[in-house]
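Descriptive structure summary
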Amino acid sequence: MSFPKINPTKTKAWDQLTAHFSETKSDKMQDYFANDPNRADRFSIHWNDFYVDYSKNRISETTQSLLLQLAEEVKLKEAISAQFSGVHINETEDRAVGHTALRDFTNMKPEVSETLQKIKGFTQSVIGGTWKGYTGKSIETIVNIGIGGSDLGPDMVCEALRYYHNHLEVRFVSNVDGDHTMESLKGLNPETTLFIIVSKTFTTQETLTNANTIREWFLQSGTSEDIAKHFVAVSTNLEAVSNFGIAPENIFPMWDWVGGRFSLWSAVGLSIACAVGYENFENLLRGAHETDVHFKSAAFEENIPVMLALLSVWYNNFYEAESECIVPYSQYLNKLVAYLQQGIMESNGKGVDRNGDPINYQTGTIVWGSTGTNAQHAFFQLIHQGTKIIPTDFIGFAKSLHGNEDHQNKLMANMIAQTEALLQGTLGTTVETAFKVFTGNRPTNTILIEELTPKSLGSLIAMYEHKLFVQGVVWNIFSYDQWGVELGKKLAKGTLQAIEKEDISHISNTSTQNLIKRLS
Ligand code: F6P
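Heads up: these notes are all about the structure in this document. Because the structure is predicted, anything quoted here is derived from the model rather than measured. (Residues numbered from 1 in each chain as written. Predicted model: local features only at pLDDT ≥ 70, side-chain atom pairs only at ≥ 80, totals over all residues. Heavy atoms only, no water.)

**Focus on the overall build of the protein**
Spelled out, the test is: Comment: elements are numbered from the N terminus, with helices defined as DSSP H or I runs of at least four residues and strands as E runs of at least two. This radius of gyration counts C-alpha atoms alone. The globule rule is 2.2 Å times how many residues there are, raised to the power 0.38. Buried residues are those whose accessible area, probed at 1.4 Å on protein chains only, stays under 20% of the maximum for their type, while exposed residues exceed 50% and partly exposed ones sit between those limits. In what follows, a contact means two residues having at least one pair of non-hydrogen atoms within 4.5 Å. Computed with the Shrake-Rupley method and a 1.4 Å probe, the accessible areas treat only the protein chains shown as cover for residues. The positive count covers Lys and Arg only, the negative count covers Asp and Glu only, and His and the chain ends enter neither. Every charge is mapped onto a representative atom, which is NZ of Lys, CZ of Arg, CG of Asp or CD of Glu.
Secondary structure assignment for the protein yields 20 helices and 11 strands. Relative to the 2.2 N^0.38 estimate, which gives 24 Å for 520 residues, the radius of gyration of the protein is 24 Å and therefore close to what a compact globule would have. Its C-alpha atoms give the protein principal-axis dimensions of about 75 × 60 × 55 Å. Burial status across the protein gives 54% buried among its 520 residues. Contacts spanning at least 24 positions in sequence make up 76% of the contacts within the protein whose residues lie at least 6 apart. As presented, the protein carries roughly 22400 Å² of accessible surface, and 51% of it is formed by carbon and sulfur atoms. When the 43 basic and 59 acidic side-chain charges of the protein are each reduced to a single mean position, those positions are 2 Å apart.

Structure follows, in structure tokens:
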């Protein structure tokens, strides 16, 4: 089984979509709704406790069928099977892509279930208070030290599941900015703090710098023999971890077939399991697995990630939309967008196709956003009346967790009203000045979920994972490598030497030279 390598712009569907776009680009969604009483049913997917309404998009049945034809022509089915079969679809790193295997309890790899058992035992002892620090006290605070995929996922999920937290406080240190590190250590008691160093490679400058600084901080109170009681690590690089001084029994494995930005389902999620308990962590995984099954088995027109991806391609490549916005109407999800930015932009920010040729069409979408209703009072002006088309995902939960009906009704009223305003605009109403005109006809998806639970959160995250994969398949790019982050890392080494040694002789340009000179 091989991974298809088809230039989407050479397909018949692409030509037809191009022609279709010129014919329909001035169509109004308002008319689509007026002419079709079944539009909302036709363009929505009800799956488990998700209701995905994509009817407020600039599409007709013809658009949908052409997009589905595009998916066929780029061999999306084969690509999905290739990913799930373990073929090395991450060809530039010669790796399989196996994050879905981390949550497949029906067919689990032995090393994955062993690691889950280890996570279970560890978290039970930390939460239950039997894991003791060097003075015999139980753990009160967990500090996750990691960056990128070793930080954003666990941090986002810990925040999203705050309602389900136990007594443990969880903190995240990521930036090499020492002020961040020192602020994160403020008020911590070394006797009751456990540090989880998370680094797939265990070579990441930020994480190792922070880990070393924090170890020194710890050694001001404890001894090196006490490190075993206060430092654990998650990594593929066992040798580097033990060189750091972490006891072998305190190392949680990772595997090269799991990409950093898809790794929260592995032991990288240890801080999540500490914060909400193993059972909730397992439910998160089970929710993601349900999406995996849906993604693998649902017909494309009933397939949430596939439909969301194709819509995104429609706007990105035909409407030339510059960006997409994501607005969760839940304050618990206030870190979701930052998390998805890594997932989506690190995966699909590529300008070379799977044949190694430069690309002459648009790929990776720019993703941004923040929580509603706050966002309404910040950047929504631009979405309503700006000159750009900004397809927006609205994510909401039918039930609130704390059950405050008045707040919940207002929250949902705002979310739904925004999608209505973006669709309808001021059409049909009398408006005194041009400044108060809303054209409407602005695309949105509404993802309405029953309740924010570990399971539904897992399903939601997996939905975006698969969406970005589908986009990458259509664009004929490799979504699972990230070579674009390497050059900056490499150059930072030479720049650091120049700063430390106050020697700019090997720096070739005057701009960089001047900047370095100004630091001393
Ligand atoms: O620099 C980008 C990156 O490689 C991400 O892909 C990854 O999530 C992050 O760095 C952290 O890497 P590691 O887990 O190896 O420290």
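From this point, the discussion proceeds with the structure in view.
**Some remarks on the sheet that holds strand 2 (residues 50–53)**
What counts, and what does not: The rule for pairing is simple: two strands pair if DSSP sees at least two bridges between them. Inter-axis angles, ranging from 0 to 180 degrees, are taken between N-to-C directions of lines fitted to C-alpha atoms, where helices are fitted over the stretch in contact.
Pairing in this open sheet of 6 strands is mixed, and the strands run 1-2-11-10-8-9 from one edge to the other. Across the chains shown, the open sheet's two edge strands, defined by having one partner strand only, are strand 1 (44–47) and strand 9 (366–368). Along the sheet, successive strands turn relative to each other by an average axial angle of 15°, direction set aside. Pairing of strand 8 (residues 323–328) with strand 9 involves 3 bridges; the strand directions are parallel. Residue pairing for strand 9: E324 is matched across the bridge by V367.

**A word on the packing of aromatic side chains**
The way to describe two aromatic rings as a pair is by their centre distance and the angle between their planes. Applicable threshold: Only Phe, Tyr and Trp rings are paired, with Trp represented by its six-membered ring, and only when their centres lie within 6.5 Å; those with planes under 30 degrees apart are stacked, over 60 edge-to-face, the remainder tilted. Look at NZ for Lys and CZ for Arg. If either is within 6 Å of the ring centre and within 35 degrees of the ring normal, a charge sits over the ring.
Evaluation of the coordinates by the stated rule reveals 28 aromatic pairs. Connected via pairs of aromatic rings, a cluster forms that spans W14, F21, W314, Y315, F318, Y319 and Y361. Taking the ring centre of F105 as reference, the NZ or CZ of R286 above it sits at 4.0 Å.

**Some words on the pattern of salt bridges**
Stated formally: Should a side-chain nitrogen of Lys or Arg be within 4 Å of a carboxyl oxygen of Asp or Glu, the pair is scored as a salt bridge.
The tally for this structure, following the rule as stated, stands at 22 salt bridges. Between K77 and E72 there is a salt bridge; the shortest N-O distance is 3.4 Å. Assessed through its relative accessible area of 47%, K77 is described here as partly exposed. Here R261 makes a salt bridge to E346, at a shortest N to O gap of 2.8 Å. Here R261, found in the loop between strand 7 (251–253) and helix 12 (270–276), pairs with E346, found in helix 15 (residues 336–348); they are 85 residues apart in sequence, far enough to count as distant. Overall, R261 belongs to the buried group, its relative accessible area being 3%. Look at the salt bridges and you will find they share partners, linking D36, R42 and E61 into a network.

**Quick notes on the site of the ligand**
The condition that has to hold: Near, as used in this document, describes a residue that has one of its heavy atoms within 4 Å of the molecule or strand being considered. Throughout this description, a polar contact denotes any pair of N or O atoms lying within 3.5 Å of each other; where both atoms belong to protein, one of them has to be capable of donating a hydrogen while the other can accept it, and for residues adjacent in sequence the pair is counted only when both atoms sit in side chains. Asp, Glu, Lys and Arg are counted as charged, while Ala, Val, Leu, Ile, Met, Phe, Trp, Tyr, Cys and Pro are counted as nonpolar; the rest, among them Gly, fall into the polar class.
Residues in contact with the ligand amount to 14 residues; listed here are only the nearest, S150, S199, T201, T204 and E346. Interatomic distance of 2.6 Å between a side-chain N/O atom of S150 and an oxygen atom of the ligand. The separation between an oxygen atom of the ligand and a polar side-chain atom of Q342 is 3.2 Å. Within the shell around the ligand, the residues separate by chemical class into 2 nonpolar, 9 polar and 3 charged.

**Things to note about helix 17 (residues 405–424)**
Stated precisely, the cut-off is as follows: For a helix, the expected span equals 1.5 Å multiplied by the number of residues minus one. Picture the helix axis, draw a direction to every C-beta atom, and the arc is the one those directions span.
Along its 20 residues, helix 17 runs 27 Å from first to last C-alpha, staying within 8% of the 28 Å computed at 1.5 Å per residue. Within helix 17, the full set of buried residues consists of Q408, M412, M415, Q418, T419, L422 and L423. Around the axis of helix 17, the buried residues are gathered within 140° of arc, so they sit on the same side. Facing away from the buried side of helix 17 by more than 90 degrees, the exposed set consists of E405 and H407.

**Some points on the packing of helix 13 (residues 278–297) against helix 18 (residues 454–475)**
Heads up, the condition is: Should an angle fall under 35 degrees it is taken as roughly parallel, and over 145 as roughly antiparallel, whereas 65 to 115 is taken as roughly perpendicular and any remaining angle as oblique. Left-handed is the label given to a crossing in which the near helix is rotated counterclockwise from the far helix by less than a right angle, and right-handed is the label when the rotation is clockwise.
Axis separation between helix 13 and helix 18 bottoms out at 7 Å; the angle between their running directions is 40°. Here helix 18 runs oblique to helix 13, going by the angle between their axes. Where helix 13 crosses over helix 18, the handedness of that crossing is right-handed. In this structure, helix 13 uses N280, N283, L284, G287, A288, E290, T291, D292 and F295 to contact helix 18, whose residues at the interface are P454, K455, L457, G458, S459, A462, M463, H466, F469 and V470. Class assignment of the residues belonging to the contact of helix 13 with helix 18 gives a composition of 9 nonpolar, 7 polar and 3 charged.

Purely spatial values, then, with no claim about function.
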